[in-house]
Amino acid sequence: MDIQPIDPVNRPFFAGEVSGVDWRKVPSPAEAEAVHRGMDQFGVLVFRDQDINDEHQVAFSRALGPLETATGDIAKPEERRLSMDVNDISNVDKDNKVVARDDRRRLFGLGNQLWHSDSSFKDVPAKYSILSARIIPGEGGNTEFADMRAAYDSLDEATKREVRDLVCRHSQIFSRGILGFTDFTDDERVKWAPVRQRLVRRHPRSGRLSLYLSSHAGEIEGWPVPEARAFLRDLNEHATQRAFVYAHVWRPHDIVMWDNRATMHRARRYDHTQVRDLHRTTLTNEVSSLEQAP
């Protein structure tokens, strides 16, 4: 396994392109540890030319750690086309037809175009996200990543002291509300009640501190809501400066893996009439961010 930095000229590089890995084969413990070390160093890893199916993806992902189930989307059980081990990051229905522009599932999914960290709306959030590109549109639909370690490191000392012990409340009700999506059932509002997450967390392997931001974060405990949201907006603007961002231009059969403990990401717009079919497996963090105190 070899990792080469992607575009290391104008920023501290945090994305690497991996060679020597075949996702059709379950990695040995030593090979899995090499992937973990690469993630610790970079935060985003790109694997090219991986023509796999869901069984390959799930088996390889499980070798890296326990998976969370796909409970973060809004599709009804009878509408799902993939197993609960795989998040359906696509614009097609179970008949593989492109969903309508005003389809409730599509409108909910537009929240992925906001900067976020996967599953921060769960008590135990995501560790790694692993996204496999099966079909991509002709143009657009890039995914951008922001290095939250570099964002924290570049804060002034007064702000570092201010954010260090803050706890936020995260919910998909809030992130979708930013876009004007409020079409939630009573059960969904209970399911996505706000959860507590640290604003600054320490990576358990690298020891580095990072900002734990997300569009799902709508409150800071002990702060008035307007002040909290204004402050979080400022932090998001700081963390997503171009110097901290890598934009991935998808190719067919790319796999991109990122560490949600060290990065934030967002999808970009594309022609919604074209098929965009990506499948995501997600490793659980196993513990709450509250246990990863700085």
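What comes next is a walk through the structure. Quantities reported herein were computed from a predicted structural model and do not represent experimental measurements.

**Structural notes on the overall build of the protein chain**
Okay, so step 1: Summing up its helical and strand segments, the protein chain has 8 helices and 15 strands in all.
Okay, so step 2: Against the compact-globule benchmark of 19 Å for 294 residues, the protein chain has a radius of gyration of 18 Å, which places it among compact chains.
Okay, so step 3: Along the first, second and third principal axes, the C-alpha atoms of the protein chain reach 50 × 45 × 35 Å.
Okay, so step 4: Per-residue burial for the protein chain yields a buried fraction of 53% across its 294 residues.
Okay, so step 5: Sequence separation of at least 24 residues holds for 83% of the intrachain contacts in the protein chain that already meet a minimum separation of 6.
Okay, so step 6: For the protein chain, the exposed area adds up to about 13100 Å²; of that, 49% sits on carbon and sulfur atoms.

**Focus on the pattern of salt bridges**
Okay, so step 1: This model, assessed by the stated rule, comprises 24 salt bridges.
Okay, so step 2: Taking the shortest distance from any N to any O, the salt bridge between Arg48 and Asp254 comes out at 2.7 Å. With Arg48 in the loop between strand S3 (44–47) and helix H2 (54–64) and Asp254 in the loop between strand S12 (245–248) and strand S13 (255–259), this pair connects stretches of sequence that are 206 residues apart. Accessibility classification places Arg48 together with Asp254 in one group, the buried group.
Okay, so step 3: Across the pair Lys122 and Glu68 runs a salt bridge, and its minimum N-O distance is 3.2 Å. Note that Lys122 is positioned in the loop between helix H3 (104–109) and strand S5 (126–135) and Glu68 in the loop between H2 and strand S4 (87–90), a separation of 54 residues in sequence. This pair shows no difference in class: Lys122 is buried, exactly as Glu68 is.
Okay, so step 4: Through salt bridges with shared partners, a single ionic network connects Glu17, Arg48 and Asp254.

**A word on the side chain of Thr143**
Okay, so step 1: Relative to the assigned elements, Thr143 resides in strand S6 (residues 143–147).
Okay, so step 2: According to the relative accessible area criterion, Thr143 is buried, its value standing at 3%.
Okay, so step 3: Of note is the side chain of Thr143, whose polar atom sits 3.0 Å from the side chain of Trp250.
Okay, so step 4: When sequence neighbours within four positions are dropped, the list of residues in contact with Thr143 reads Tyr246, Ala247, His248, Trp250, His265, Arg266, Ala267 and Arg276.

**Regarding helix H8 (residues 225–239)**
Okay, so step 1: In a regular helix each residue adds 1.5 Å, so 15 residues correspond to 21 Å; H8 covers 21 Å between its end C-alpha atoms and thus fits that length.
Okay, so step 2: Buried positions along H8 lie against S6, helix H4 (148–153), helix H5 (157–163), strand S7 (167–170), strand S11 (217–220) and strand S14 (263–267).

**Quick word on the nonpolar core**
Okay, so step 1: Val163, Leu199, Leu211, Leu213, Leu232 and Leu235 are the most contacted members of the largest nonpolar core, which totals 25 residues.
Okay, so step 2: With 5 residues, H8 is the single largest residue contributor to this core.
Okay, so step 3: The contacts of Leu199, once residues within four sequence positions are left out, are Val163, Leu166, Cys168, Ser210, Leu211, Tyr212, Leu213, Leu232 and Leu235.

**Observations concerning the sheet that holds S14**
Okay, so step 1: One open sheet holds the 3 strands; their spatial order is S12-S6-S14, and the pairing between them is antiparallel. Each edge of the open sheet is held by one strand with a lone partner, namely S12 and S14. Between one strand axis and the next, the sheet turns through 20° on average, direction left out of account.
Okay, so step 2: In terms of strand pairing, S6 meets S12 through 4 bridges, oriented antiparallel. When the sheet's bridge partners are listed, Thr143 is paired in S12 with His248.

**Focus on helix H1 (residues 29–41)**
Okay, so step 1: An ideal rise of 1.5 Å per residue puts 18 Å on 13 residues; H1 measures up with 19 Å between its terminal C-alpha atoms.
Okay, so step 2: Where H1 is concerned, the buried positions are Ala32, Ala34, Val35, His36, Gly38, Met39 and Asp40.
Okay, so step 3: Looking one or two residues past H1, Gly43 carries a phi angle of roughly 105°, positive in sign.

The rules behind the values
- Residues numbered from 1 in each chain as written.
- Predicted model: local features only at pLDDT ≥ 70, side-chain atom pairs only at ≥ 80, totals over all residues.
- Heavy atoms only, no water.
- Helix = DSSP H or I, 4+ residues; strand = E, 2+ residues; numbered from the N terminus.
- Rg over C-alpha atoms; globule rule 2.2 N^0.38 Å.
- Buried < 20%, exposed > 50% of the residue type's maximum accessible area, 1.4 Å probe, protein only.
- Contact = heavy atoms within 4.5 Å.
- Areas by Shrake-Rupley, 256 points an atom, 1.4 Å probe, with all protein chains shown as cover.
- Salt bridge = Lys/Arg side-chain N within 4 Å of Asp/Glu carboxyl O.
- Polar contact = N/O pair within 3.5 Å; in protein donor to acceptor, adjacent residues only side chain to side chain.
- Expected span 1.5 Å × (residues − 1).
- Core = buried A, V, L, I, M, F, W, Y, C linked by side-chain atoms within 4.5 Å.
- Pairing = 2+ DSSP bridges.
- Axes fitted to C-alpha atoms, helices over the stretch in contact; angles between N-to-C directions.

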